[in-house]
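Below, each chain spelled out in residue letters.
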Amino acid sequence: NAMIVKRSLAWFGVILLLLCPTVFAEMNDASLTLPIGDANPASAWMFTGQSYIYPLVENDSTWNAPSMMNVTFEPCARTDWHSHDGGQILIAVGGIGIHQVEGEPPELLTPGSVARVAPGVMHWHGAADAGWFQHIAIETNPDQTGFAMGESIEDDAYFAALDEAMAADASSAG
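Scope of this entry: the structure provided in the associated data block.

Here the focus is the sheet that holds strand E12 (residues 133–139). Read across the sheet, 6 strands follow the order E1-E3-E4-E12-E7-E10 without closing on themselves; strand pairing throughout is antiparallel. At either end of the open sheet lies a strand with only one pairing partner, and these are strand E1 (38–39) and strand E10 (114–117).

Before going further, it helps to examine the packing of aromatic side chains. Aromatic ring pairs are defined here through the distance separating the ring centres and the angle between the ring planes. By the definition in use, this model includes 6 aromatic pairs. Between Tyr52 and Trp132, the ring centres sit 6.0 Å apart and the planes meet at 25°, which makes this aromatic pair stacked. Highlighted residues: Tyr52 in strand E3 (residues 51–57) and Trp132 in the loop between strand E11 (123–127) and E12, separated in sequence by 80 residues. Side by side, Tyr52 and Trp132 carry an identical accessibility label, which is buried. Aromatic ring contacts, followed pair by pair, group Phe47, Phe73 and Phe133 into a single cluster. Here the basic side chain of Arg78 rests over the ring of Tyr158, its NZ or CZ set 4.3 Å away from the ring centre.

At Cys76, a position not held by glycine, the phi torsion is positive, near 75°. Mapped onto the fold, Cys76 is located in the loop between strand E4 (68–73) and strand E5 (78–79). Judged by its relative accessible area of 23%, Cys76 is partly exposed. For Asn141, which is not glycine, the phi dihedral falls at a positive 50°. Locating Asn141 in the fold gives a position in the loop between E12 and strand E13 (147–149).

Cut-offs and rules
Residues numbered from 1 in each chain as written. Predicted model: local features only at pLDDT ≥ 70, side-chain atom pairs only at ≥ 80, totals over all residues. Heavy atoms only, no water. Pairing = 2+ DSSP bridges. Helix = DSSP H or I, 4+ residues; strand = E, 2+ residues; numbered from the N terminus. Phe/Tyr/Trp six-rings, centres within 6.5 Å; stacked < 30°, edge-to-face > 60°. Buried < 20%, exposed > 50% of the residue type's maximum accessible area, 1.4 Å probe, protein only. Lys NZ or Arg CZ within 6 Å of the ring centre and 35° of its normal.

Written out as structure tokens, the structure is:
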């Protein structure tokens, strides 16, 4: 019967979402270019919304390279205000994101955008509200691995920053 098939498919979707969030995430946005990875354990205490981590390069003494990871954000997911003792470089690779350095206007991040954050400077970043976002996070100055946490970005501040960044982007494009 058609009704039984529809109900079965709906339950299958719920089970798939619960058991395989990464698979579900990959099915949701074709603009994502890198693997999503696993649910980010830091999402619970320094993010609003869900993010995922896929390690690309680990900090090691052989190559003396900084840690690099792909971070994927679900729509509206974002970090809290934070700083990295060694600084951070973000390279947008998929979707549309937002980034703000303390005391500066927010900016949109689109594939190819690069945001450089100096050591010890507070900033936040995440996905726009219309879709998923990915960036490569590079922890610069690998011998300085500490970070500091600030306040959460509440919804009203997030949407105001997103509106400001989108307006600035539209005026610079036109």
